[in-house]
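A look at the structure
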Amino acid sequence: TLSSHASMMTGLDPHGHAIARNGFPLADEIDTLAERLTGAGWDTRAVVAASAVDTSTNLQQGFAAYDDDLGVDKGKRYEARGDDVTSRALASVDQRQVDKPLFLWVHYYDAHTPYEAPRAWRARFVAEGRRGRFGSPAHAADRAAESFRSGRLSEEDQAAFRGLYQAEVAYADDQVGQLLVGLSDRGIEPTVVVTADHGEMFFEDRTAPVGHGSEIDLAVTHVPLIVSGSGIAPGVVETPVQLSDIGPTLLGLAGLPTTLGTGRDLGPALQGLAIEALPIFLEATKPAAFERPPAWNNAYMERGVADEGHLLIVEPRRSREALFLLEEGQPEAQDEQVEARLREQLESWDGRAPLWRPESMTDEVRAALEALGYLDDE
């Protein structure tokens, strides 16, 4: 979560911003999108929904206002539901400096365990008789994973568990709609970028059947990216891009220099022009027990590169390597030449990785991350 958001805000991949996972704050000296926009005279505001991206992460660099007031009603989970986030976001907009252009980052956390969409939303995706099969929301993912590994989870129950997630996605989608209506009511017709820090596994793999963090399969790493606004050509871009391209692209849309980190401005693609496909590198962040200092924290985790229509995944700690097609379902592929080229690219990227870095979190932050489920397997 933190590493992906840092890539959005800095234009750097994890080897550039050196955030191995949650609990590794962004360094002060790294330039951010908000700092660039603030320096160019923009009013920069953020409203976030979970402690995984609160001010302890240092993602607030450059923001004039950064609302991480998550309240106490959720206890140690440190999470706010979508309706609260939308309300806080519109309240922040009402406090904006009206003589300045506005950059607003709104972070929704609903499509994330524990899956607790409002009852009306759950009813749309999960039959009444199947909603309670997974126990309390806090333990539902563990229970579903255990049942799947032991072969006791029926296809109907798998669909029901996915439905709990789909209800959360639909609820978050509705809240984005409410936000856009609220902005329109205030006379603001923004350029909108919608994306995600990660997806979720749902029974694609028996070892890690549910969740995210310990794998880089497309179910987790292929996330939506929607850009909409005046002057943007309608269409679908098939060329893979990456989260670190978002910052430079937003700078370009703002009419500012687009150099930020190593990301690229996707402006040509937004005008319907073809863009070059570049290698995209990925790495998992768990389990931390397999760190081997002084090597980079994630050096022995699952990792890979997407290029040439393929996805190469290697797992050093288990001496595994596999090649897949970069398409829906992630089917396996056999092409020794492509595999060799992608392996060479990945080894070069790994050679540029930073050294091992210790965690930096308070007891309060650790308790919050544990409650959110981020440290459960460390």
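Residues numbered from 1 in each chain as written. Predicted model: local features only at pLDDT ≥ 70, side-chain atom pairs only at ≥ 80, totals over all residues. Heavy atoms only, no water.

1. Notes on helix α11 (residues 336-351)
Because the α-helix completes a turn every 3.6 residues, residues three or four places apart line up on one side. For α11, which comprises 16 residues, the first-to-last C-alpha distance of 22 Å matches the rise-based estimate of 22 Å (1.5 Å per residue) to within 8%. Where α11 is concerned, the buried positions are V338, E339, L342, L346 and W349. Along the axis of α11, the buried residues cluster in a sector spanning 95°; they form a single face. Facing away from the buried surface of α11 by more than 90 degrees, the exposed residues are E336, Q337, E344, E347 and G351. In this fold, the buried residues of α11 make contact with α2 (14-17), β8 (280-283), β9 (303-307), β10 (310-315) and β11 (320-325). Between a side-chain oxygen at the N-terminus of α11 and the backbone nitrogen of Q337 the separation is 3.2 Å; the capping residue is D335. (Helix = DSSP H or I, 4+ residues; strand = E, 2+ residues; numbered from the N terminus. Expected span 1.5 Å × (residues − 1). Buried < 20%, exposed > 50% of the residue type's maximum accessible area, 1.4 Å probe, protein only. Arc of directions from axis to C-beta. Contact = heavy atoms within 4.5 Å. Polar contact = N/O pair within 3.5 Å; in protein donor to acceptor, adjacent residues only side chain to side chain.)

2. Focus on the pattern of salt bridges
Within this structure, the stated rule accounts for 15 salt bridges. Here E359 makes a salt bridge to R21, at a shortest N to O gap of 2.7 Å. Residue E359 is located in the loop between α11 and α12 (363-371), and its partner R21 is located in the loop between α2 and α3 (33-39); the two are separated by 338 residues in the primary sequence. Between E315 and R317 there is a salt bridge; the shortest N-O distance is 3.4 Å. Relative accessible area serves as the criterion here: at 6%, E315 is assigned to the buried category. Three or more residues joined by partner-sharing salt bridges are found here, namely R21, E291 and E359. (Salt bridge = Lys/Arg side-chain N within 4 Å of Asp/Glu carboxyl O.)

3. Points about the packing of aromatic side chains
Each aromatic ring pair is characterised by the separation of its centres together with the angle its planes make. Overall, the coordinates contain 15 aromatic pairs when judged by the stated rule. Both rings, one in F134 and one in F161, keep their centres 5.2 Å apart while their planes meet at 65°; by these two values the pair is edge-to-face. You can see F134 sitting in the loop between α5 (119-125) and α6 (137-149) and its partner F161 sitting in helix α7 (residues 155-185), a full 27 residues away along the chain. Exposure remark for F134: the relative accessible area of 3% places this residue in the buried category. Judged by centre distance (5.0 Å) and plane angle (50°), the ring pair of Y165 and F202 falls under tilted. Of the two residues, Y165 is situated in helix α7 and F202 in strand β5 (residues 201-202); the sequence distance between them amounts to 37 residues. You can call Y165 buried: its relative accessible area is 17%. Members of the aromatic cluster, connected to one another through ring pairs, are Y115, F134, F148, F161, Y165, F202 and F203. (Phe/Tyr/Trp six-rings, centres within 6.5 Å; stacked < 30°, edge-to-face > 60°.)

4. Some words on the sheet that holds β8
Read across the sheet, four strands follow the order β8-β9-β10-β11 without closing on themselves; strand pairing throughout is antiparallel. Here the strands that pair on one side only, and so sit at the sheet edges, are β8 and β11. Within the sheet, the average angular offset between the axes of one strand and its neighbour, ignoring direction, is 15°. Sheet topology places β9 next to β10; five bridges connect them, and they run antiparallel. The partner of V305 across the bridge, within β10, is L312. Strands β8, β9, β10 and β11 of the sheet are contacted by α11, whose axis makes an angle of about 120° with β9. (Pairing = 2+ DSSP bridges. Axes fitted to C-alpha atoms, helices over the stretch in contact; angles between N-to-C directions.)

5. A short note on the side chain of S214
Counting through the fold element by element, S214 comes out in the loop between β6 (210-211) and α8 (218-221). With sequence-adjacent residues up to four places away left out, S214 is seen in contact with A208, A284, K286 and E302.

6. Brief notes about the packing of helix α4 (residues 82-94) against α7
Where α4 contacts α7, the two axes come as close as 9 Å, and the packing angle between them is 20°. On the basis of the axis angle, α4 is roughly parallel to α7. For α4 against α7, the interelement crossing comes out right-handed. Residues G82, D83, T86, A89, L90 and V93 of α4 form the contact with α7, whose own contacting residues are Y171, Q175, Q178, L179, G182 and L183. Each residue belonging to the contact of α4 with α7 can be placed in one class, and the counts come to six nonpolar, five polar and one charged. (Parallel < 35°, antiparallel > 145°, perpendicular 65-115°, else oblique. Left-handed = near helix turned anticlockwise from the far one by under 90°. Nonpolar A, V, L, I, M, F, W, Y, C, P; charged D, E, K, R; others polar.)

7. Observations concerning the pairing of β10
Across a regular strand the side chains alternate sides, sitting on one face of the sheet and then on the other. Most of β10 is tucked away, with six of its six residues classed as buried. Residues H310, L312 and V314 line one face of β10 and the alternating positions L311, I313 and E315 line the opposite face, and both faces are buried. The turn joining β9 and β10, which pair antiparallel and follow one another in sequence, is formed by two residues; a positive phi near 55° is taken by E308. With six bridges joining them, β10 and β11 adopt antiparallel strand pairing. Note that in β11 the partner of H310 across the bridge is L325.

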